[in-house]
Amino acid sequence: MPTSLESRLRNAMPAGVDFASVRYLRQEDEVVSVRQDVPQPLARGVEAGAMITVVIGGALGYAATCDLSDSGLKDAARRALKWAKLSAGRAVTDFSKIPWPQESGRYVGPEEKPWAALSLDAKFDLMTAESKRLKVDPRVVDWQVSLWHTALDSLYLTSGGGAIEQRFHFLAPDLRVTANEGDQTQTRSLEARAACRQGGLEVIDQVGLHLHGPRVAREAVELLSADNCPTGEMDLILAPDQMVLQVHESIGHPLELDRILGDERNYAGTSFVTMDMLGTYRYGSELLNITFDPTRPGQLASYGWDDEGRRAEKTFIIRRGVLERPLGGTVSQARAGKCGVANARASGWNRPPIDRMANINLEPGESTLESMIAQTARGVYMQTNCSWSIDDSRNKFQFGCEWGRLIENGKLTKLVKNCNYRGISATFWRSLAGVGSAAEVGVMGTPNCGKGEPNQMARVAHACPPARFAGVQVFGGA
Amino acid sequence: MQRRFFEYVDELSRTLRGKEVLLASYDGEESDFVRFNRSAIRQPGSVMQQYVTLELIDGRRHAKAATTVTGQADDDRAALKAMLVELRAQLPHVPDDPYLLYATEVHNTEQIARSTLPDSGAALDKVLAAGQGRDMVGLYAAGGIYGGFANSLGQKNWYASHSFCLEWCFYHQADKAVKARYAGLAWDDGAFARKVADATSQLEVLQRPAKTIAPGGYRVFLTPAAMVEIASMLAWSGFGLKDHRTKNTSLLKMIEGHSTLAPAITVRENVREGLGANFTGEGFVKAPVVMMIENGRYKDCLVSPRSSAEYGVPVNAGWEYPSSFEMGAGDLDEADVLARLDTGVYVNTLWYLNYSDRPAGRITGMTRFATFWVEGGRVTAPLNVMRFDETYYRILGTNLLALTRQRDFIPATDTYQARSTSSHRLPGALIDDFQFTL
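Residues numbered from 1 in each chain as written. Chains lettered and ligands numbered in written order. Predicted model: local features only at pLDDT ≥ 70, side-chain atom pairs only at ≥ 80, totals over all residues. Heavy atoms only, no water.

Caption draft 1: A look at the sheet that holds strand S12 (residues 290-292) of chain A. All names here are of chain A. Taken in spatial order, the four strands line up as S14-S13-S12-S17 in an open sheet, and their pairing is antiparallel. Here the strands that pair on one side only, and so sit at the sheet edges, are strand S14 (322-323) and strand S17 (360-362). For S12 and strand S13 (residues 315-319), the ladder comprises three bridges, and the chain directions are antiparallel. Residue Thr 291 lies in a different strand from S13, and its bridge partner there is Phe 316. (Pairing = 2+ DSSP bridges. Helix = DSSP H or I, 4+ residues; strand = E, 2+ residues; numbered from the N terminus.)

Right, dumping it as structure tokens:
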């Protein structure tokens, strides 16, 4: 980060206030995509901006600007101060009493093979070669392969002298194939766009982009003639690329402290979890161990510090099925009077930090996929999320998967399509009957988790092994 | 910024070489966002953002990039000039694009509205006063939204609007709340007071003991606000030409299986009466109206410039997703809704819809704010949230009893990346045997 920029940003913070911070971001995105063997237009973007936050008289105000000139930053500081003064005496908490972190440090995420190490021509060639492997059958009607790379630099300065510099590289490979026959259409994908991680071109090999294309395409075609998923109560085994969604929606979101405090009730919703449940509530069976871990190298939402300057640490959220603490950052912790984690995060320079789940991981167990299948008399093994819906308290859910296979008498049998299941978060996790091993953990994430007012799309991630649930309502398509 | 953006594009156009063509877009906003919780201020602030996108075309090759601009003329000129040089350097490394299409006829347009917005500080006072003694949570968003297009062929388009939107809930307790919205171009104390009074009267009903119903089929009334969620699902892959040609459309049974909706269902993209810009990023002027479903039968798709080139159908839209979604009215008067519903569920808001079986048009979702149990044409109790699982062909087809004569114009409140200029104009719908599952 140029010293002159840091100096100008620091000078922009107004004096004579209880606390001030400035958060600068510069982000470069590039998407290389090939659809039906035709290279798509290259999509590139560069953006830079800063958010100034001011706390004075117990109130907080912010202003974000992409005018990074001295006058632009000064104007942003003036607007942030105006908002803080307008809020004085009318804020949800006394922001002046919050112990704002004032840390300094540097975090650099992994990048073994830089994005720029491969020329643009070579990237298009690579995507075209992958695309050409996907038309495996005349019934394949659409297919696409893409790479989305993001380079992000941030600098967070505080009025108490804190300075945190962080650098990230993200790569999101994607591959999807659609097959059709009459009024039947089926799509298979590489982990439903969840095959994204921090890193450079090495992520392509990590997620096996080269390995899975023809299989994904064949499976899309095979699903056309498969039976619908059966209807009834039976055991359910979820692959890692569905477990990430299950953990995300029914553990990650309900434990975000800002939801419990009510901030999200007008938009993303509240939570069935209440303050009195923290520390005692039996969330799941003894097999359920959930950690908040932004320190895991390469996972999509890893970082050194959150966007309010709190240092990230691995923390147990649920241990042996019992809820230990919520997912709340510095401000939420102060408001709730509860312990939390470093998860106040903003989606960009133009949005303020809110509580975000970051990396929420299901710790591996002692089963294996093979042993869990062997223990199942009648059930379904489902892979790859394709539908997600949950109530505003994060309780009643219905999720769908691209692909399923029946389990009969301890063995995988026939292929089934349009796989769905329903449940209630508050009881679903208590039916957790098996958790796969460390060797079976899938490390996945999503760059577009929506929440907040104004709305924010954030990167979140989950590392999960496969898991088995007893007595779940499953059903198929129309 | 309008004048300056056009100047930048003119200046860059004068530096083009050979047969190069330059397309440029501008997107900007100056927004105030005030977030409330428990009738107090959670996060107040403002955002100034400006983006310019340049696309350099040479024959069948093109390269595009977007960047933030500062508003400082010298800095922006230099940045855009450098970006054009980068795009030119990229062109030899991108393949020919068989589906490149941009407007070559010049159509200049200007949609400029002057600001009549209230001072955000004054609005803040009024919102907090309305929340006094109540548990209010929500967002006030206001300010200018700007869009522009210009190209080296001489075309110039500009769009400017200034609007506010207060979307809020009054909470009774837990998940029992009333949702309300007050949006417009100029603040009217009387109109706001009426919205607050309406919400307050529904809040009183929420204080009654809540009812839980068993899964099964019920007669329901979906308000226009609830219908927004149904319309948004229809819009998700329902109307785009690419989705139709690749069989990804959720209306596949209307195309392949010759299924129909009720004759009362007519759906149009009505840009002429919407809130957004009427031009695309490739310089095309959007069709004022596209009839997508007429009297229950599928008619036309939304066609982007890229799909136009790929499938040989004329352009009528920028994106293949409706931005000004309109459903035709029916003959049920709002005043008669409760009587016609008789016994059933009055749904003010649906939430978090998704597909159970997309090609079959089968969807699931939840009831949310201010959903009531109605008996004998009278609201008797708030209803605990229920999950539904239904198909378009039942709820907008065989089981559709009536649409309301009155329609609501509902501006989108989305603020992902930028404040949305999309909108819906929808009736309410009375539906028989609506299936609740959980």
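That was the structure; now back to the text.
Caption draft 2: Representation of the domain arrangement of chain B in the model. Residue and element names in this part refer to chain B. Its domain assignment divides chain B into domain 1 (2-206) and domain 2 (216-436). For domain 1 versus domain 2, the distance between C-alpha centres works out to 25 Å. Between domain 1 and domain 2, the residue contacts involve 43 residues of the former and 36 residues of the latter. Both sides of the domain 1 and domain 2 interface together cover about 3000 Å² of buried area, and 59% of this is carbon and sulfur. Taken as a group, Tyr 99, Leu 101 and Tyr 159 account for 21% of the area that domain 1 buries against domain 2, more than any other trio of residues on that side. Applying the counting rule to domain 1 against domain 2 returns one salt bridge. Here Arg 306 makes a salt bridge to Asp 97, at a shortest N to O gap of 2.8 Å. (Domains from an automatic or database assignment. Contact = heavy atoms within 4.5 Å. Buried area = accessible area lost by both parts, 1.4 Å probe. Salt bridge = Lys/Arg side-chain N within 4 Å of Asp/Glu carboxyl O.)

Caption draft 3: Fine view of the domain arrangement of chain A. All names here are of chain A. Domain parsing of chain A yields domain 1 (3-225) and domain 2 (228-475). Relative placement of domain 1 and domain 2: their C-alpha centres are 22 Å apart. Listed by partner, the interface residues are 49 residues for domain 1 and 41 residues for domain 2. Around 3700 Å² of area is buried between domain 1 and domain 2 when both sides are counted, 58% of it from carbon and sulfur atoms. The largest per-residue losses of area from domain 1 upon contact with domain 2 belong to Arg 23, Arg 188 and Leu 223, which jointly make up 14% of the total buried on that side. For the pair domain 1 and domain 2, the interface holds two salt bridges. The salt bridge partner of Arg 311 is Glu 103, with a shortest N-O separation of 3.1 Å. Residues that form the side of domain 1 that touches domain 2 fall into these classes: 26 nonpolar, 13 polar and 10 charged. (Nonpolar A, V, L, I, M, F, W, Y, C, P; charged D, E, K, R; others polar.)

Caption draft 4: Summary view of the packing of aromatic side chains. Under the definition given, this model contains 41 aromatic pairs over all chains. The interplanar angle of 90 degrees and the centroid separation of 5.0 Å between the aromatic rings of Phe 397 of chain A and Phe 428 of chain A together place this pair among those described as edge-to-face. Linking Phe 397 of chain A in strand S19 (residues 396-408) with Phe 428 of chain A in helix H10 (residues 425-428), this pair joins segments that are 31 residues apart in sequence. Neither residue differs from the other here; Phe 397 of chain A and Phe 428 of chain A are each classed as buried. Measuring from centroid to centroid gives 5.9 Å for Phe 5 of chain B and Tyr 26 of chain B, while their planes differ by 45 degrees, and the two rings are tilted. Note that Phe 5 of chain B is positioned in helix H1 (residues 2-13) and Tyr 26 of chain B in strand S1 (residues 21-37), a separation of 21 residues in sequence. Looking at Phe 5 of chain B, the relative accessible area reads 1%, which means it is buried. Its relative accessible area of 2% is what places Tyr 26 of chain B among the buried residues. Aromatic rings pair up to connect Tyr 140, Phe 164, Trp 168, Phe 170, Tyr 182, Trp 187 and Phe 192 of chain B into one cluster. (Phe/Tyr/Trp six-rings, centres within 6.5 Å; stacked < 30°, edge-to-face > 60°. Buried < 20%, exposed > 50% of the residue type's maximum accessible area, 1.4 Å probe, protein only.)

Caption draft 5: Structural view of the environment of Val 54 of chain A. All names here are of chain A. As for its position among the elements, Val 54 is in strand S3 (residues 43-56). Distance from Val 54 to Arg 78, taken between C-alpha atoms, is 9.5 Å for residues 24 residues apart in sequence. Excluding its chain neighbours within four sequence positions, the residues that come into contact with Val 54 are Pro 14, Val 17, Phe 19, Ala 20, Ala 59, Leu 60, Gly 61, Ala 80, Leu 81 and Ala 84.

Caption draft 6: Broad picture of the packing of helix H1 (residues 3-12) of chain A against helix H2 (residues 70-87) of chain A. Residue and element names in this part refer to chain A. Here H1 crosses H2 at 30 degrees, and the two axes come no closer than 9 Å. By the criterion of interaxial angle, the relationship of H1 to H2 is roughly parallel. Along this stretch, H1 crosses H2, giving a crossing that reads as right-handed. Residue-level inspection shows Arg 8, Leu 9 and Ala 12 of H1 in contact with H2, the latter providing Asp 70, Leu 73 and Ala 77. For the contact of H1 with H2, the residue count by class is four nonpolar, no polar and two charged. (Axes fitted to C-alpha atoms, helices over the stretch in contact; angles between N-to-C directions. Parallel < 35°, antiparallel > 145°, perpendicular 65-115°, else oblique. Left-handed = near helix turned anticlockwise from the far one by under 90°.)

Caption draft 7: Quick peek at the interface of chain B and chain A. Taken together, the contacts link 88 residues of chain B with 93 residues of chain A. When chain B packs against chain A, the two sides together hide about 7400 Å² of surface, and 48% of this comes from carbon and sulfur. On the chain B side of the interface with chain A, the three residues burying the most area are Arg 35, Arg 42 and Tyr 416 of chain B, jointly 10% of the side's total. Its salt-bridge partner being Asp 135 of chain B, residue Arg 265 of chain A comes within 2.7 Å of it at the nearest N-O pair. At the junction of chain B and chain A, the tally comes to 63 residue pairs in polar contact (both at pLDDT 80 or more). Element by element, the count of residues in the side of chain B that touches chain A is highest for strand S2 (residues 40-58) of chain B, at 12 residues. For the side of chain B that touches chain A, a count of residues per class yields 38 nonpolar, 26 polar and 24 charged. (Polar contact = N/O pair within 3.5 Å; in protein donor to acceptor, adjacent residues only side chain to side chain.)

Caption draft 8: A look at the layout of surface pockets. Its volume calculated, the second largest pocket comes out at about 510 Å³. Lining the second largest pocket are 24 residues, and of these Arg 26 and Val 46 of chain A together with Thr 67, Thr 68 and Ala 79 of chain B lie nearest its centre. Sorting the residues of the lining of the second largest pocket by element identifies H1, strand S1 (19-35) and S3 of chain A together with strand S3 (61-68) and helix H2 (73-90) of chain B as the ones contributing at least two each. Looking at which element gives the most residues to the lining of the second largest pocket, the answer is H2 of chain B, with six residues. Looking at the lining of the second largest pocket residue by residue, the class counts come to 12 nonpolar, four polar and eight charged. (1 Å grid on protein atoms, 1.4 Å probe; cavity = no way out; pocket = protein on both sides within 12 Å on 5 of 7 lines; lining within 4 Å. Points joined across faces, edges and corners; volume = space filled by probe spheres on them.)

Caption draft 9: Quick peek at H2 of chain A. Residues and elements named next belong to chain A. In a regular helix each residue adds 1.5 Å, so 18 residues correspond to 26 Å; H2 covers 26 Å between its end C-alpha atoms and thus fits that length. Residues of H2 that are buried: Gly 72, Leu 73, Ala 76, Ala 77, Arg 79, Ala 80, Trp 83, Ala 84 and Ser 87. The arc enclosing the buried residues of H2, seen along the axis, measures out at 165 degrees, which places them on a common side. Opposite the buried face of H2, at more than 90 degrees from it, the exposed residues are Asp 70, Lys 74 and Lys 85. Immediately beyond the C-terminal end of H2, within one or two residues, lies Gly 89, with a positive phi of roughly 80 degrees. (Expected span 1.5 Å × (residues − 1). Arc of directions from axis to C-beta.)

Caption draft 10: Summary view of the nonpolar core. Formed by 93 residues in total, the largest nonpolar core has its most connected members in Tyr 283, Met 382 and Tyr 421 of chain A. Top contributing element to this core by residue count: helix H6 (residues 240-252) of chain A, with five residues. (Core = buried A, V, L, I, M, F, W, Y, C linked by side-chain atoms within 4.5 Å.)

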